[in-house]
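Here is what each chain is made of, one letter per residue.
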Amino acid sequence: MTVPSLSLNDGHSIPQLGFGVFQVPPDQTAATVTAALEVGYRHIDTAQMYGNEKGVGEALATSGIPRDELFVTTKLNNMNHAPDDVRRSFDESLRALGLDHVDLFLIHWPLPTQYDGDYVSTWKAMTELTADGRAKSVGVSNFEPDHLARVIDETGVLPAVNQVEVHPRFGNEAVRAANAEHGLLTEAWSPIGQGSILDDPTIGEIAERLGRTPAQVTLRWHVERGDIVFPKSMHRERMQENFALFDFDLSPDDVSAISGLDRGSAGRIGPDPATFDRI
Ligand code: NAD
């Protein structure tokens, strides 16, 4: 199965399907990521906050897969927004991952009510990490349209992606539209709603008709919409299931039916980025 690559606005490219490691316990991360690499995943999404960068690095190192075939993302933790902490913690991430560069480094949360409302100097420090290639691309996560507009207006540098919560019950359409308007790609986190979407009858009917699973249908819906996804699982069979997305497609009617499950902000699983303030 070949995973498509999407072009980022900075000239780099990104595999549309990856593997997320949120809530994978640090002592099980190396084995879990090793299994994901064996299944075929080449794009791994971790974060300083997840505490498992070291395990990701161990799996990458022992895999024998050439570095240029891998795409590794990590994210700035909430306590590291001061520019000096951006640089220090980025060095620590590289050390933990055992890498000389990451493919993508993201501001994890904008925290607009912290740091005197200044996420712009944080963004500026992030953008400087691309100068020597230690971060190939930089981007943001959980940015609302006003946060996005502000960093772009004040620095002139476009994030490569905005990684936000998106799944059928929370389409997050205003943010996706703002991303598209600025020319940056949407990465959809919790793409299967952490499993909560899988017993939905509309998705179940489509899955049954196509001879696919609800997880595959939901992930394929994201792919058809052009978003990047990295479902998480600790089970090899599910990793395989979630990887098998590129030998079928959904009709426009099926895509619309799934999009119709959107419950607006009532469908959110995670916190609202406008008020989330945990450091
Ligand atoms: P997800 O939507 O990927 O769901 C994962 C859960 O769904 C698993 O724990 C498992 O219980 C279940 N599952 C997975 N595959 C399944 C299958 N085929 N059949 C049945 N059940 C299955 O949720 P997630 O882990 O929250 O999100 C994916 C990734 O997004 C994370 O690992 C992380 O990398 C990223 N993420 C980022 C943020 C952010 O703030 N930037 C927040 C949350 C997640």
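This report concerns the structure included in the present document.

## Details of helix 1 (residues 26-39)
Line of reasoning, step 1. The end-to-end C-alpha distance of helix 1, which contains 14 residues, comes to 20 Å, matching closely the 20 Å that a straight helix rising 1.5 Å per residue would cover.
Line of reasoning, step 2. Among the residues of helix 1, those classed as buried are Thr 29, Ala 30, Thr 32, Val 33, Ala 35, Ala 36, Leu 37 and Val 39.
Line of reasoning, step 3. On its buried side, helix 1 packs onto strand 3 (19-20), strand 4 (43-45), helix 2 (53-63) and helix 9 (236-243).
Line of reasoning, step 4. Positioned one or two residues after helix 1, Gly 40 has a phi angle of 130 degrees, which is positive.

## Here's the deal with unusual backbone geometry
Line of reasoning, step 1. The backbone of Tyr 115 sits at a positive phi, close to 50 degrees, despite the residue not being glycine.
Line of reasoning, step 2. Its location among the elements puts Tyr 115 in the loop between strand 6 (102-107) and helix 4 (120-128).
Line of reasoning, step 3. By relative accessible area, Tyr 115 is classed as partly exposed at 28%.
Line of reasoning, step 4. Phi is positive for Asn 142, close to 65 degrees, though the residue is something other than glycine.

## A word on the side chain of Asn 142
Line of reasoning, step 1. Residue position: Asn 142 is located in the loop between strand 7 (135-141) and helix 5 (145-155).
Line of reasoning, step 2. Reaching out from Asn 142, the side chain makes a polar contact with the side chain of Ser 141 at a distance of 3.2 Å.
Line of reasoning, step 3. Separated by 2.8 Å, the side chains of Asn 142 and Trp 189 make a polar contact.
Line of reasoning, step 4. Each residue touching Asn 142, except ones within four places of it in the same chain, is listed here: His 108, Trp 109, Pro 110, His 147, Asn 162, Gln 163, Val 164, Glu 165, Trp 189 and Pro 273.

## Here's the deal with the sheet that holds strand 5 (residues 71-76)
Line of reasoning, step 1. Spatial strand order, 3-4-5-6-7-8-9-10: eight strands in an open sheet with parallel pairing. In this open sheet, the two strands that pair with only one neighbour each are strand 3 and strand 10 (228-229).
Line of reasoning, step 2. Bridge count for strand 3 against strand 4 is two bridges, and the pairing is parallel. Along strand 4, the bridge assignment pairs Phe 19 with Ile 44.

## Points about the packing of helix 7 (residues 201-210) against helix 10 (residues 252-259)
Line of reasoning, step 1. In contact at an axis separation of 9 Å, helix 7 and helix 10 are set at 155 degrees when each is read in the N-to-C sense. The orientation of helix 7 relative to helix 10 falls into the category roughly antiparallel. Like other packed secondary-structure pairs, helix 7 and helix 10 cross with a definite hand, here left-handed. In this structure, helix 7 uses Thr 202, Ile 203, Ile 206 and Arg 209 to contact helix 10, whose residues at the interface are Asp 254, Ala 257 and Ile 258.
Line of reasoning, step 2. Taken together, the residues of the contact of helix 7 with helix 10 sort by class into four nonpolar, one polar and two charged.

## Considering the pattern of salt bridges
Line of reasoning, step 1. This model, assessed by the stated rule, comprises 22 salt bridges.
Line of reasoning, step 2. Of the charged contacts in the structure, one is a salt bridge between Asp 200 and Arg 169, with a shortest N-O distance of 3.8 Å. Placement of the pair is Asp 200 in the loop between strand 9 (185-189) and helix 7 and Arg 169 in the loop between strand 8 (161-165) and helix 6 (173-182), with a sequence separation of 31 residues. An identical accessibility class is assigned to Asp 200 and Arg 169; each is buried.
Line of reasoning, step 3. Across the pair Arg 209 and Glu 205 runs a salt bridge, and its minimum N-O distance is 2.9 Å. Linking Arg 209 with Glu 205, this pair stays in helix 7, spanning four residues, or about one helical turn.
Line of reasoning, step 4. Arg 209 sits in the partly exposed class, given a relative accessible area of 47%.

## A short note on the pairing of strand 9
Line of reasoning, step 1. Within strand 9, four of the five residues are buried, leaving the element largely enclosed by the surrounding structure.
Line of reasoning, step 2. Summarising the sheet, strand 8 and strand 9 pair through five bridges and their orientation is parallel. The partner of Gln 163 across the bridge, within strand 9, is Glu 187.
Line of reasoning, step 3. Crossover handedness for the path strand 8 to helix 6 to strand 9: right-handed.
Line of reasoning, step 4. Looking at chain direction, strand 9 and strand 10 are connected through two bridges and run parallel. The partner of Ala 188 across the bridge, within strand 10, is Val 229.

Cut-offs applied
- Residues numbered from 1 in each chain as written.
- Predicted model: local features only at pLDDT ≥ 70, side-chain atom pairs only at ≥ 80, totals over all residues.
- Heavy atoms only, no water.
- Helix = DSSP H or I, 4+ residues; strand = E, 2+ residues; numbered from the N terminus.
- Expected span 1.5 Å × (residues − 1).
- Buried < 20%, exposed > 50% of the residue type's maximum accessible area, 1.4 Å probe, protein only.
- Contact = heavy atoms within 4.5 Å.
- Polar contact = N/O pair within 3.5 Å; in protein donor to acceptor, adjacent residues only side chain to side chain.
- Pairing = 2+ DSSP bridges.
- Axes fitted to C-alpha atoms, helices over the stretch in contact; angles between N-to-C directions.
- Parallel < 35°, antiparallel > 145°, perpendicular 65-115°, else oblique.
- Left-handed = near helix turned anticlockwise from the far one by under 90°.
- Nonpolar A, V, L, I, M, F, W, Y, C, P; charged D, E, K, R; others polar.
- Salt bridge = Lys/Arg side-chain N within 4 Å of Asp/Glu carboxyl O.
- Right-handed = clockwise from strand over helix to strand, strands pointing away.

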